[in-house]
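Architecture at a glance
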Amino acid sequence: MDILVEGDSIVALRAATANRQLLSFDGLLVFPGLINSHDHLDFNCYPLLGNRIYTNYRDWGRDIHTVNKVTIDAVLQIPQHLRVLWGVYKNLLNGFTTVVNHGERLNVPAGLITVFQDCHCLHSVGFERNWKWKLNRPLRVNLPFALHAGEGTDTLAQNEIHRLLRWNLFKRPVVAIHGVAMTEEQAGHFEGLVWCPASNYFLLDRTAPIGKLKQHVPILFGTDSTLTAEWNSWPQIRQARREEAISDKELLATLTTTPAAVWKLTDRGTIAAGKCADLVIARPKPGLTGMDAFFSLDPEDLMLVLHKGHILLFDASIRDMLMEAGMGDLHFDFTRCGSKYVVGDLPGLMSEIKRY
């Protein structure tokens, strides 16, 4: 298949032709840039912080701010703009070209991936001050609300969902995050549910009952930050697959078409004419095909990442092909990091972060 790109968009798809194309790949996978529906971009300089299995996020929060205070304070010495940029690169290196940031609105660097912030972020019923007022303020219309809900395994976590629904007086659209304690009846009242299985198992040793909830609410995939999930997102995706709560096709949709619909990102999520040229090309591991090939990927397997038609990452093995295609600016704008070239100065960012 030929994918024709002009500017920031895909203009046409057509059967592969005999003519030499600008870039030609054989035996590789191509898929739309993935959408990460939950991250805290400025929290990705933290190591995993947790000292036991918790019953809910409140229990976890109190514990780490007591036991791990020195670590938390050390990370907070890193200026926020550096932590945000590191979080953006974490997503890019995993093949996410769009990420939904949860928390305060951030100033994000231009020229990299899309950071979606067009929603009203509330942390949770337990930690968001004046959440009832913020949810029901008369002028807060059009944009969806996003907040942690049901992040626990006890009755407190389930009752928080009940309180949230009871106090959503104007039936504002709400996208719930985590939903570990969510019931099927509760699920039907939400616009979407962001599933973060790795984060859930790390904190709670349990995840949301997605097999039941998917019948009542659209399911989206989220990585969460490195506070509760490793930076490599692909083992997290494989963990979700091992749950066998949804089919491979449904799991792929949680990373592409479903979040595009829920967040109203109508220009992405699929490879089609008129869509953003957000594309990832990857080399499958030997002997694997189809969905097995896709779900076995890791960051080192990504050969090329395009965001709105601009190359952000490429493998060293295709550098000569890119240069022969007339993309000479790649020589100046990219830094080599191991076997990859990445736009910007990622080693410089790492050195700057280490100063703190």
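Residues numbered from 1 in each chain as written. Predicted model: local features only at pLDDT ≥ 70, side-chain atom pairs only at ≥ 80, totals over all residues. Heavy atoms only, no water.

**Some thoughts on the overall build of the protein**
In plain terms, the rule: Working definition: helices are DSSP H or I runs of at least four residues, strands are E runs of at least two. Numbering for both runs from the N terminus. This radius of gyration counts C-alpha atoms alone. The globule rule is 2.2 Å times how many residues there are, raised to the power 0.38. In this scheme, a residue with accessible area under 20% of its type's maximum is buried, one over 50% is exposed, and one in between is partly exposed, where area comes from a 1.4 Å probe on protein chains only. Contacts are assigned to residue pairs with any non-hydrogen atoms lying within 4.5 Å of each other.
A count of helices and strands for the protein gives 15 helices and 16 strands. By the compact-globule yardstick of 21 Å for 356 residues, the protein fits well, its C-alpha radius of gyration being 21 Å. For the protein, the spread of C-alpha atoms along the three principal axes comes to 60 × 45 × 45 Å. Considering the protein as a whole, with its 356 residues, one finds that 52% of them fall into the buried category. The long-range share in the protein, meaning contacts at least 24 apart out of those at least 6 apart in sequence, stands at 69%.

**Considerations on helix α7 (residues 197–204)**
For α7, the buried fraction is high: 6 of the 8 residues fall into the buried class. When α7 is considered as a whole, its buried residues turn out to be Pro197, Ala198, Ser199, Asn200, Leu203 and Leu204. For α7, the secondary structure elements touched by its buried residues are α1 (57–67), β9 (174–178), β10 (192–195), β11 (219–221) and α9 (234–243). Following α7 by one or two positions, aspartate 205 has its phi on the positive side, about 60 degrees.

**Some points on helix α3 (residues 80–93)**
Note the threshold: Working rule for helices: expected span equals 1.5 Å times residues minus one.
Between its terminal C-alpha atoms α3 stretches 20 Å, which fits the 20 Å expected from 14 residues at 1.5 Å a residue. Within α3, 10 of the 14 residues are buried, which leaves the element mostly enclosed by the surrounding structure. Buried within α3 we find Leu82, Arg83, Val84, Gly87, Val88, Tyr89, Lys90, Asn91, Leu92 and Leu93.

**Points about the pairing of strand β5 (residues 96–101)**
Going by this rule: DSSP calls a pair of strands paired once it identifies at least 2 bridges connecting them.
The buried fraction of β5 amounts to 6 of the 6 residues, a majority that puts the element mostly inside the structure. One ladder, built from 4 bridges, connects strand β4 (residues 34–39) with β5; its direction is parallel. Following the sheet pairing, aspartate 39 is matched in β5 by asparagine 101. Here 3 bridges tie β5 to strand β6 (residues 114–116), and the two strands are oriented parallel to one another. Opposite threonine 98, over in β6, you have threonine 114 as the bridge partner.

**Re the environment of aspartate 298**
Stated formally: Side-chain atoms alone can form a polar contact between residues adjacent in sequence; in general such a contact is a pair of N or O atoms within 3.5 Å, and within protein one must be able to donate a hydrogen while the other accepts it.
Mapped onto the elements, aspartate 298 comes out in the loop between α12 (290–295) and β13 (302–307). Note: C-alpha distance between aspartate 298 and glycine 95 (203 residues apart in sequence) is 9.3 Å. Side-chain polar atoms of aspartate 298 contact the side chain of arginine 238, separated by 2.8 Å. Of the polar contacts made by the side chain of aspartate 298, one reaches the side chain of lysine 285; its length is 3.2 Å.

**Some words on the state of the cysteines**
As a reminder of what qualifies: Any two cysteine sulfur atoms lying within 2.5 Å of each other are counted as a disulfide.
Evaluation of the coordinates by the stated rule reveals 0 disulfides. For the unlinked cysteine cysteine 119, the closest cysteine sulfur is that of cysteine 121, found at 3.9 Å. Cysteine cysteine 196 shares no disulfide, and the gap to the nearest cysteine sulfur, in cysteine 121, comes to 13 Å.

**Some remarks on the pattern of salt bridges**
The condition that has to hold: Take a side-chain nitrogen of Lys or Arg and a carboxyl oxygen of Asp or Glu: if they are within 4 Å of each other, that pair is a salt bridge.
Applying the stated criterion across every chain, the model contains 15 salt bridges. Across the pair glutamate 250 and lysine 214 runs a salt bridge, and its minimum N-O distance is 3.2 Å. Taken as a pair, glutamate 250 in helix α10 (residues 248–254) and lysine 214 in the loop between α8 (210–213) and β11 lie far apart in primary sequence, 36 residues in all. Across the pair arginine 355 and glutamate 352 runs a salt bridge, and its minimum N-O distance is 2.8 Å.

**Quick word on the nonpolar core**
Selection criterion: To form a nonpolar core, buried Ala, Val, Leu, Ile, Met, Phe, Trp, Tyr and Cys residues must be joined to one another through side-chain atoms within 4.5 Å.
One finds Leu164, Ile311 and Phe314 to be the most contacted residues of the largest nonpolar core, which totals 88 residues. Per-element accounting of this core gives the leading share, 6 residues, to α3. Residues in contact with leucine 164, not counting those within four places in the same chain, are Val125, Trp131, Leu135, Leu147, Ala149, Val174 and Phe190. Counting 12 residues, the second largest nonpolar core, distinct from the first, contains Val100, Ile177, Val194 and Trp263.

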